[in-house]
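# Summary of structural features
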Amino acid sequence: MNTLFKALNDPTRRQILELLQEKDLTAGEIAEHFDMTKPSISHHLDLLKQADLVVSLKKGQHIIYSLNMTVLDEVLAWIMHLRTPKP
């Protein structure tokens, strides 16, 4: 869970998640939205993958990134559980 929150702590990574919410993208397509090097984008994507927030699929020479909604659903359920008053 610490890896997850570390990944979510960075505004660039949160913005990448928002881009992937719209549609699956390659690293190059993601990089077009930022003023930083492609290796920096790859580092952010690697941290998101380590946290299981994104998954990647190799198609030919490209790697397509998409959101892993399962992890996001689990985190939301855990947060909602914390909000539920104990009897």
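Along each chain, residues carry numbers from 1 onward, in the same order as the chain's sequence is written. The model is predicted, so local features are restricted to residues of pLDDT at least 70 and side-chain atom pairs to those at 80 or more, both for listing and for counting; the totals for chains, interfaces and linings are taken over all residues. Water and hydrogen atoms were dropped before computing side-chain values, which therefore reflect all heavy atoms in the structure.

As recorded in an unreviewed UniProt entry, the protein chain goes by the name ArsR family transcriptional regulator, listed as coming from Siphonobacter curvatus.

### What about the nonpolar core?
Only buried residues count toward a nonpolar core, which is a set of Ala, Val, Leu, Ile, Met, Phe, Trp, Tyr and Cys residues joined through side-chain atoms within 4.5 Å. Only protein chains enter the accessibility calculation, which uses a 1.4 Å probe. A residue is then buried if its area is under 20% of the maximum for its type, exposed if over 50%, and partly exposed in between. Formed by 20 residues in total, the largest nonpolar core has its most connected members in Ile16, Leu20, Ile30, Leu48 and Leu53. Mapped by element, the contributors of at least two residues to this core are helix 1 (2-8), helix 2 (11-22), helix 3 (27-31), helix 4 (38-50), strand 3 (62-67) and helix 5 (69-83). A helix here means a DSSP run of H or I that spans at least four residues, while a strand means a run of E at least two residues long, and both kinds are numbered starting from the N terminus. Residue contributions to this core peak at four residues, all from helix 2. Note on definitions: a residue-residue contact is assigned when non-hydrogen atoms from the two residues lie within 4.5 Å. Once residues within four sequence positions are removed from consideration, Ile30 is found in contact with Ile16, Leu19, Leu20, Leu25, Ile41, Leu45 and Tyr65.

### Quick word on the side chain of Thr26
Its location among the elements puts Thr26 in strand 1 (residues 25-26). Owing to a relative accessible area of 13%, Thr26 belongs among the buried residues under this scheme.

### A word on the side chain of Thr12
You can see Thr12 is positioned in helix 2. Taking the relative accessible area as the measure of exposure, Thr12 reaches 14% and is therefore buried. Beyond its immediate stretch of four places on either side in the chain, Thr12 contacts Phe34, Met36 and His44.

### Section: the environment of Ile30
One can find Ile30 in helix 3. Considering only alpha carbons, one finds Ile30 and Gln61, 31 residues apart in sequence, at a separation of 16 Å.

### Structural notes on the packing of helix 2 against helix 4
The convention used is that axes are lines fitted to C-alpha atoms, helices contributing only their stretch in contact, and that angles between N-to-C directions extend from 0 to 180 degrees. Following both chains from N to C, one finds helix 2 and helix 4 inclined at 75°, their axes separated by 10 Å at the closest point. Here helix 4 runs roughly perpendicular to helix 2, going by the angle between their axes. The residues of helix 4 that touch helix 2, namely those facing Thr12, Arg13, Ile16 and Leu17, are His44, Leu45, Leu47 and Leu48. Roughly parallel covers angles under 35 degrees, roughly antiparallel covers those over 145, roughly perpendicular covers 65 to 115, and oblique covers all other angles.

### Section: helix 2
Working rule for helices: expected span equals 1.5 Å times residues minus one. For helix 2, built from 12 residues, the straight-helix expectation of 16 Å at 1.5 Å per residue is met to within 8% by its first-to-last C-alpha distance of 17 Å. Three or more residues of helix 2 are buried, namely Thr12, Arg13, Ile16, Leu17, Leu19 and Leu20. Projected onto a plane normal to the axis of helix 2, the buried residues spread over an arc of 160° and lie on a single side. For helix 2, the exposed residues lying more than 90 degrees away from the buried face are Glu18, Gln21 and Glu22. Buried residues belonging to helix 2 abut helix 1, strand 1, helix 3, helix 4, strand 2 (54-59) and strand 3. Throughout, the arc means that of the directions going from the helix axis to the C-beta atoms.

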